[in-house]
Amino acid sequence: MTVTKKHYRVCNLCEAMCGLEIEHDGKQVISVKGDPEDPFSKGSLCPKGALIHKVHEDPDRLKVPLLKNDDGEWEEISWNESFDIIGGKINEIRAKHGNDAVALYLGNPTVHNLGMMLFSGEMRRSLKTKNFFSPTTMDQLPHHFIGYHVFGHALNMPIPDVDRTDYFIMFGANPIASNGSIMSGCGPVEKIKSIQGRGGKVILFDPRATETSRVVDEHHFILPGTDVFFLLGMLQLIQKNDWIQLGHLKSHVSGLEKIKNIAEEFTPDRVEALTGVPAPVLLRLTKEYVLQDRAVLYGRMGMSTQEHGGLCHWIASVLNILTNHFDREGGAMFPKPAVDVKRQKGWRLSHGRWHSRVRKLPEFDGELPVSVMAEEMLTEGKGQIRGLITFAGNPALSTPNAKRLEEALPKLDFMVSIDIFMNETTKHADIILPPPSHLEIDHYDLIFNHFAVSNNAKFSPQLFQPKEGQKYDWQIAKELTKRFSKLSKSKLSFPFRYLNPRQLLNLALLTGPYGKWSSPSRWFNGLSLNKVIASKHGINFGGMKPRVPEVLNTKDGKIQLAADVFLKGLEEVKLLLTELPEQRTINEFQLIGRRHLRSNNSWMHNVKGLVRGKNRCTAMMNTIDATTLGLEDAEIIVVQSSTGGIEIPVEITDNIMSGVISIPHGFGHGKKGTRLSVASDPNHAGVSVNDITDQNRLDKVTGNAAFSGQKVAVRKLSEVEKTP
Ligand code: SF4
């Protein structure tokens, strides 16, 4: 008789951190449900979490190290042999061409992996390379940037207190699809409904009527890349009408004088001309926001991945601070996670300590913009990248103008990928090292608890044993670190030499803000790993609490309202506005992205249950524009940019502004050499939007990739074919 058991863990596919209840028989998963007793997620679950075991069971998942032989064929090799080859090849490149000749790319799943979060830093240090990249610089860098420049630490990112606010304004966010990003919290529909249920209001600005627009009280179309002008319009009204109230922050801010007149030219009429949002909307919403006791402004993906992303997040924070909607319940607040990475010794902060070799772009927190990765490989000269290590991620699909990276990867002297799939990126590697699946590892969210709407601790023990002999992610990182350290003449840091992830986590919990060792009063009832493990559904420490000034890491201990980097960036934007706008032709559109609930960037596309149904890789276009161009629904169009062109079916809809076109990211599978049997199916392989995004389009203030708002030309495929 089969005995079924229940296993509780956190879904580590995305930021939401939903609690899972997994029914299994010790070998196989029988069902996955949301855990109703998880105090944080309360049973919430999305289709991806419900199918998390399908990644574990995927027949395409790699389980043994693979080496590409001289004929380009893959051969199995042993773990130790692969570590030695990698150590030898990478150190050979470093010895011959310098440490910077080897680059490290840590993909998005790294941050959802306890072992790699703990040990990847050691690997990074042992390589001593300035060429470190991650998806941060094509996603949320503006959030970290204001964290650092305004509040003194890259992880001091204000989070909207959605559980207690009565007035929630969102820019470019789609929580119904993302389940909350830089606002970790599950059940976005319930959260929005409870704001409305207590008499509050939710307002969304987006060039597309997204899934979220259907549940909010007001959705306003706004032209791509113009959010900053709307925010400056709000600031202008607040300053002009003297609606500033700093409350308890009065003695904790600096730079108030410097921002006094920065928005004066952004009158409601001017803002309407720039953004497309009617002036009366700006006037009404600003007043409502100021008068509301519990209100908050928040922006996410669409606001972060545009040319003014850094300025947007800066002004949004300034507005929350000036109107007493900051560090108070219902406003923007700072979480207090049980493992506070900011308190850990050795976390260094920086901006501009070095620059990229070719385009001279500054590092931020030790990381260069991913937009320079391909040119650093393709441009010859001292410091050229010749070796690459990737952990998860799929930069050959996800980075701007990824075609250049596809051109560069085969030219590298050596590449190694730590990944469970042979995808569009890892197929270029010389060696692939596959770690265990999500269900075969212990997990604790070290990072996303810093973005959570309430304070929690939950440990997820390993459910299944990995294949015999298979190495855990952290063991892979440790073995490689040891080999790279030989050349660097460095050593693993003290605790990492002797402790495993569970022991390191225990140490961090014991010394964390709720830990047994944090104060004598907690010796008997404070937190330890055993206590967290014993509470299988997780521990909730309640909602966010005011943390200013204790949380600030700035030099003078105050909130920096007027950091030079933002003031300078704003002056440059104002200068650009003096240029006459170009007239739009009927073929010209502004490109914006799109995310779907069933998709997780590129890599959940190999799960059959998630990709079935209609093709989601379409170009959404407004009905009026489609009629003007004489297009039929599902007709193939050619979308052309300065970097290339793609052919994609058009999806005609009224859910998008005229003049704007939306294409999702993460598609473009089916390339030769990959082993993704489901994703490669022509019915849903799609095309890569990053074949037409431009690596030179950046948020100038932060260096984040500016995917949103890029100009593209659209033509019928039949017309292009006729043109010689
Ligand atoms: S929203 Fe979905 S993918 Fe994200 S944590 Fe929850 S179940 Fe997992």
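Residues numbered from 1 in each chain as written. Predicted model: local features only at pLDDT ≥ 70, side-chain atom pairs only at ≥ 80, totals over all residues. Heavy atoms only, no water.

A. Layout of the domain arrangement of the protein. Parsing the protein into structural domains produces domain 1 (5-50), domain 2 (66-138 + 360-498 + 533-543), domain 3 (141-337 + 561-573) and domain 4 (582-722). A straight line from the C-alpha centre of domain 2 to that of domain 3 covers 34 Å. In this assembly, 14 residues from domain 2 lie in contact with 23 residues from domain 3. In total, about 1500 Å² of surface goes out of reach between domain 2 and domain 3, with carbon and sulfur atoms giving 70% of it. For the domain 2 face of the interface with domain 3, the top three residues by lost area are Phe364, Phe451 and Val453, together amounting to 48%. Counting across the interface, domain 2 meets domain 3 through zero salt bridges. If you look at where domain 2 meets domain 3, you find four residue pairs in polar contact (both at pLDDT 80 or more). (Domains from an automatic or database assignment. Contact = heavy atoms within 4.5 Å. Buried area = accessible area lost by both parts, 1.4 Å probe. Salt bridge = Lys/Arg side-chain N within 4 Å of Asp/Glu carboxyl O. Polar contact = N/O pair within 3.5 Å; in protein donor to acceptor, adjacent residues only side chain to side chain.)

B. A look at the sheet that holds strand E19 (residues 431-433). Within the open sheet, the seven strands sit side by side as E5-E4-E19-E18-E17-E6-E7. Their pairing is mixed. The open sheet is flanked by strand E5 (74-76) and strand E7 (132-133), the only strands paired with a single partner. Pairing between strand E6 (residues 102-106) and strand E17 (residues 387-391): five bridges, direction parallel. Following the sheet pairing, Val102 is matched in E17 by Gly387. Its contacts with the sheet put helix H3 (residues 79-97) on strand E4 (66-68), E6, E17, strand E18 (414-418) and E19, and the angle it makes with E19 is roughly 125 degrees. (Pairing = 2+ DSSP bridges. Helix = DSSP H or I, 4+ residues; strand = E, 2+ residues; numbered from the N terminus. Axes fitted to C-alpha atoms, helices over the stretch in contact; angles between N-to-C directions.)

C. Focus on the nonpolar core. The biggest cluster of nonpolar side chains holds 96 residues, and the ones touching the most others in it are Tyr289, Trp314 and Ile559. When sequence neighbours within four positions are dropped, the list of residues in contact with Ile559 reads Val150, Phe151, Leu249, His252, Val253, Ser254, Ile321, Phe326, Val548 and Leu552. Counting residues in hydrophobic clusters, the runner-up holds 48 residues, among them Trp79, Leu104, Ile389 and Phe414. (Core = buried A, V, L, I, M, F, W, Y, C linked by side-chain atoms within 4.5 Å. Buried < 20%, exposed > 50% of the residue type's maximum accessible area, 1.4 Å probe, protein only.)

D. Up close: the packing of helix H9 (residues 268-275) against helix H10 (residues 279-291). Where H9 contacts H10, the two axes come as close as 8 Å, and the packing angle between them is 120 degrees. Note that H9 runs across H10; the crossing there is right-handed. Contact residues: Pro268, Asp269, Val271 and Glu272 in H9; Ala279, Pro280, Leu282 and Leu283 in H10. Of the residues belonging to the contact of H9 with H10, the class tally is six nonpolar, no polar and two charged. (Left-handed = near helix turned anticlockwise from the far one by under 90°. Nonpolar A, V, L, I, M, F, W, Y, C, P; charged D, E, K, R; others polar.)

E. Structural view of the sheet that holds strand E1 (residues 5-10). The sheet built from three strands is open, its strands ordered E1-E2-E3 with antiparallel pairing. Looking at which strands have only one partner, the edges of the open sheet turn out to be E1 and strand E3 (29-34). Neighbour to neighbour, the strand axes of the sheet diverge by 25 degrees on average, direction disregarded. The sheet contact formed by E1 and strand E2 (residues 19-24) spans six bridges and is antiparallel. Bridge pairing links Lys5 to His24 in E2.

F. Spatial organisation of unusual backbone geometry. Going from Val548 to Pro549, the amide bond is cis rather than trans, its omega being 10 degrees. By the element assignment, Pro549 lies in the loop between strand E21 (539-543) and strand E22 (559-560). Even without being glycine, Met17 reaches a positive phi, approximately 60 degrees. Of note, Met17 is situated in the loop between E1 and E2. Overall, the relative accessible area of 5% leaves Met17 in the buried class. For Asn401, which is not a glycine, the phi torsion comes out positive at approximately 50 degrees. Tracing the sequence through the fold places Asn401 in the loop between helix H14 (395-398) and helix H15 (402-408).

G. Layout of a negative patch on the surface. On the surface, Asp70, Asp71, Glu73 and Glu75 cluster together to form a negatively charged patch. Along the chain, the position of Asp70 falls in the loop between E4 and E5. (Patch = residues over 30% accessible without salt bridge, like charges linked within 9 Å, V, L, I, M, F, W, Y side chains within 5 Å. Areas by Shrake-Rupley, 256 points an atom, 1.4 Å probe, with all protein chains shown as cover. Lys, Arg positive; Asp, Glu negative; His and termini not counted. Charge placed at Lys NZ, Arg CZ, Asp CG, Glu CD.)

H. Spatial organisation of the packing of aromatic side chains. This model, assessed by the stated rule, comprises 18 aromatic pairs. Between Phe145 and Phe364, the aromatic rings sit 5.4 Å apart at their centres with planes inclined by 35 degrees, giving tilted as the arrangement. Placement of the pair is Phe145 in helix H5 (residues 141-151) and Phe364 in strand E16 (residues 362-364), with a sequence separation of 219 residues. With respect to class, Phe145 is no different from Phe364; both count as buried. Considering the side-chain rings of Phe171 and Phe230, the 5.9 Å spacing of their centres and the 55 degrees angle between planes classify their relative orientation as tilted. Within this pair, whereas Phe171 is found in strand E9 (residues 167-171), its partner Phe230 is found in helix H8 (residues 227-240), the two being separated by 59 residues in sequence. Accessibility assignment for this pair places Phe171 and Phe230 in one class, buried. A connected cluster of aromatic rings, assembled from ring pairs, spans Phe145, Tyr148, Trp314, Phe364 and Phe566. (Phe/Tyr/Trp six-rings, centres within 6.5 Å; stacked < 30°, edge-to-face > 60°.)

I. Spatial organisation of the environment of His143. Mapped onto the elements, His143 comes out in helix H5. By relative accessible area, which is 6% here, His143 ends up buried. The sequence separation of His143 and Ser708 amounts to 565 residues, and the corresponding C-alpha distance is 16 Å. Residue contacts for His143: discarding those within four places in its chain leaves Met157, Ile182, Gly299, Arg300, Ser304 and His313. Within the structure, His143 has its side chain in polar contact with the side chain of Ser304 (distance 3.2 Å).

J. Structural view of H9. Buried within H9 we find Pro268, Val271, Leu274 and Thr275. Seen from one end, H9 has its buried residues packed into an arc of 125 degrees, which puts them on one side. Exposed and oriented more than 90 degrees from the buried face of H9 are Asp269 and Ala273. The secondary structure elements touched by the buried residues of H9 are H8, H10 and helix H20 (564-577). Backbone geometry just downstream of H9 places Gly276 in the positive-phi region, at approximately 85 degrees. (Arc of directions from axis to C-beta.)

K. The arrangement of the pattern of salt bridges in detail. Under the criterion given, the structure shown has 36 salt bridges. Lys671 is the salt-bridge partner of Glu406, the closest N and O atoms lying 3.1 Å from each other. Taken together, the residues span a long stretch of sequence, with Glu406 in helix H15 and Lys671 in the loop between strand E27 (660-662) and strand E28 (710-716) at a distance of 265 residues. Lys671 sits in the partly exposed class, given a relative accessible area of 22%. Through salt bridges with shared partners, a single network forms among Asp84, Glu479, Lys482 and Arg483.

L. Local environment of the environment of Pro39. As for its placement among the helices and strands, Pro39 is situated in the loop between E3 and helix H1 (47-50). Of the residues examined, Pro39 reaches a relative accessible area of 28% and is grouped as partly exposed. Residues Pro39 and Lys27, twelve residues apart in the sequence, show an inter-C-alpha distance of 28 Å. Setting aside chain neighbours within four positions, we find Pro39 in contact with His537, Gly538, Ile539 and Asn540.

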